[in-house]
Amino acid sequence: MIQKLRIQFIAAAAASLLIVSFLSMFMINAANYRGIRRDADSVLQILHRFSGRLPEVAQEFDWESAGPRYRSPELPFEIRFFSVLLDARGEKISSETDQIFSIDEQNIMSYAASALQQQKDFGFVDDYRYMRKAEGDNTRLIFLDCGRMLTGYRQMILNSLWVTLAVISCVILLLAFLSGQIARPVAQSYEKQKRFITDAGHELKTPITIIQMDAELLSMEIDNNEWLQDIQAQANRLSSLTSDLIYLARMEENQQLPMIAFPLSDVAEETAASFEMAAKAHGQTILQEIQPSIECVGNEKAIRQLVSVLMDNAIRYAPAGSHIRVKLGTSARQIRLVIQNPAPNLTPENLENLFERFYRADTSRNSQNGGHGIGLSVAKAIAGSHGGKIGASLKGNELTMTVLLPASKH
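Report on the accompanying structure. Model, not experiment: these values are computed from the prediction.

**Some details on unusual backbone geometry**
Okay, step 1: At Ser51, a position not held by glycine, the phi torsion is positive, near 60°.
Okay, step 2: Tracing the backbone through its elements, the reader meets Ser51 in the loop between helix 1 (2-49) and helix 2 (75-78).
Okay, step 3: A relative accessible area of 30% places Ser51 in the partly exposed class.
Okay, step 4: Of note in the backbone geometry, Asp126 takes a positive phi value of approximately 55° without being a glycine.
Okay, step 5: Looking at the element boundaries, Asp126 is found in the loop between strand 3 (122-125) and strand 4 (128-135).
Okay, step 6: With relative accessibility at 57%, the residue Asp126 sits in the exposed group.

**Observations regarding the pairing of strand 1 (residues 81-86)**
Okay, step 1: Most of strand 1 is tucked away: six of the six residues are buried.
Okay, step 2: Of the two faces of strand 1, the one lined by Phe81, Ser83 and Leu85 and the one lined by Phe82, Val84 and Leu86 are each fully buried.
Okay, step 3: As paired strands, strand 1 and strand 5 (residues 138-145) are joined by six bridges and run antiparallel to one another. Along strand 5, the bridge assignment pairs Phe82 with Phe143.
Okay, step 4: Bridge count for strand 1 against strand 2 (residues 92-96) is four bridges, and the pairing is antiparallel. If you follow Ser83 over to strand 2, its bridge partner there is Glu96.
Okay, step 5: Where strand 1 folds back onto strand 2 in an antiparallel hairpin, the turn is made up of five residues, including Gly90, whose phi is positive at roughly 85°.

**What about the packing of helix 6 (residues 264-273) against helix 8 (residues 300-317)?**
Okay, step 1: Across the interface, helix 6 lies against helix 8 with an axial gap of 10 Å and an inter-helix angle of 40°. Judged by the angle between their axes, helix 6 and helix 8 are oblique. When you trace helix 6 past helix 8, the crossing you get is right-handed. Mapping the contact onto sequence places Leu264, Val267, Glu270, Thr271 and Ala272 in helix 6 and Glu300, Ile303, Arg304, Val307, Ser308 and Met311 in helix 8.

**Considering the environment of Ala112**
Okay, step 1: Turning to its location among the elements, Ala112 is positioned in helix 3 (residues 108-118).
Okay, step 2: Expressed as a C-alpha distance, the spacing of Ala112 and Lys92, which sit 20 residues apart in the sequence, is 9.5 Å.
Okay, step 3: With near-sequence residues (within four places) excluded, Ala112 lies in contact with Val84, Leu86, Leu141 and Phe143.

**Regarding the packing of aromatic side chains**
Okay, step 1: Within this structure, the stated rule accounts for eight aromatic pairs.
Okay, step 2: When the ring of Phe82 is compared with that of Phe143, the centres are 4.6 Å apart and the planes differ by 10°; the resulting orientation is stacked. Highlighted residues: Phe82 in strand 1 and Phe143 in strand 5, separated in sequence by 61 residues.
Okay, step 3: Accessibility expressed as a relative area gives 0% for Phe143, which makes it buried.

**Side note on the pattern of salt bridges**
Okay, step 1: The tally for this structure, following the rule as stated, stands at ten salt bridges.
Okay, step 2: For Asp41, the salt bridge identified is with Arg129, shortest N-O distance 2.8 Å. On the criterion of sequence distance, the pair formed by Asp41 in helix 1 and Arg129 in strand 4 is long-range, its members being 88 residues apart.
Okay, step 3: For Arg129, a relative accessible area of 6% gives the class buried.
Okay, step 4: Two residues, Glu270 and Arg304, come together in a salt bridge whose shortest N-O distance is 2.9 Å. In this pair, Glu270 is assigned in helix 6 and Arg304 in helix 8, connecting sequence segments 34 residues apart.
Okay, step 5: If you follow the salt bridges from partner to partner, you end up with Glu270, Glu300 and Arg304 in one network.

**Overview of the sheet that holds strand 7 (residues 285-290)**
Okay, step 1: Spatially, 7-9-10-12-11 is the arrangement adopted by the five strands of the open sheet, whose pairing is mixed. The sheet terminates laterally at strand 7 and strand 11 (389-395), the two strands that pair on one side only. Looking at each pair of strands side by side, their axes are set apart by 15° on average, direction ignored.
Okay, step 2: Judged from the seven bridges that link them, strand 9 (residues 323-331) and strand 10 (residues 334-342) form a sheet pairing that is antiparallel. Residue pairing for strand 10: Val326 is matched across the bridge by Ile339.
Okay, step 3: In this fold helix 6 packs onto strand 7, strand 9 and strand 10, with an angle of close to 175° to the strand it touches most, strand 7.

How each quantity is defined
- Residues numbered from 1 in each chain as written.
- Predicted model: local features only at pLDDT ≥ 70, side-chain atom pairs only at ≥ 80, totals over all residues.
- Heavy atoms only, no water.
- Helix = DSSP H or I, 4+ residues; strand = E, 2+ residues; numbered from the N terminus.
- Buried < 20%, exposed > 50% of the residue type's maximum accessible area, 1.4 Å probe, protein only.
- Pairing = 2+ DSSP bridges.
- Axes fitted to C-alpha atoms, helices over the stretch in contact; angles between N-to-C directions.
- Parallel < 35°, antiparallel > 145°, perpendicular 65-115°, else oblique.
- Left-handed = near helix turned anticlockwise from the far one by under 90°.
- Contact = heavy atoms within 4.5 Å.
- Phe/Tyr/Trp six-rings, centres within 6.5 Å; stacked < 30°, edge-to-face > 60°.
- Salt bridge = Lys/Arg side-chain N within 4 Å of Asp/Glu carboxyl O.

Here it is in structure tokens:
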């Protein structure tokens, strides 16, 4: 249990760190990308003032209005760009390629066509940031080479990704180490608690057995004594509670149960049938829908106890005159055991704690009904020891207990 909590804590911490790290990385890189576009657009606006060309006098170039990435007196000599003026039909009127080496007159129109196809005033074609402006009936397109900045931007994304993954890996390793140190006293205390329950249970069984035997002998001499009958009932109940606590402690210690293949259909049918008399005494009817020839690999005794706990729970809390349905079948490589019964005193809020120790959903009943609130905890432990799970759902007043077990492989 402590180990599972450690794993859940490490997973939650790692997931939180992963989300925060990637969110931070996204925000930083998004801001960087917006800055690249903003600064490029500022330079494009400057170039547009000179009709897509550099001014004849360098001092006329207003580099102060460029963005932080371009704000330099050497800007006219550092930027690489080209421009083209198109008529209303999209035919080239003039172009400027003196400030670019990789673009010539032959492929300038392919870039222009790509920019026009996007139907935007600003955008990217490959690593070129373009601006489209109308000049009378004509259209001017100016393309600014942003290759170096975009390459740096992409490299920054890659580097930040590797750094983030490395940091998360280091944090997970630290959490794995530190959580073990922190959880060690709790784990030791938990182990001592389980050992105490087991040892105390064994110590209690001897005096309880003596009380039961003495009460049995007294019953032979004293007939129909209500005090003696009450002693016997409470001793039997205490013996059952002690056995359940010992069994639950052993299950939580992950003691391996002997597992063999056995006919689960027969076990479920026999166990449900054994509750027929108890159901009749409560005015209830047991309806079985058990698929034949279902095999399960597990501990037959433990599975019988699981079915018995669920049947006892259904009979104990279902009202008189109700039907208790026992269903067994297979689906999606799983064995599905379902027990349904009316539960008028149960609310959806009770379902969360239904499998907790000593929890009682039906507060209108007291301990005199024979239950002690630990049976469903035992059933959950049995299901878990077989690699399965158990759950409860409520639809209207109908309570459904569902046990899922791995289907046996043939």
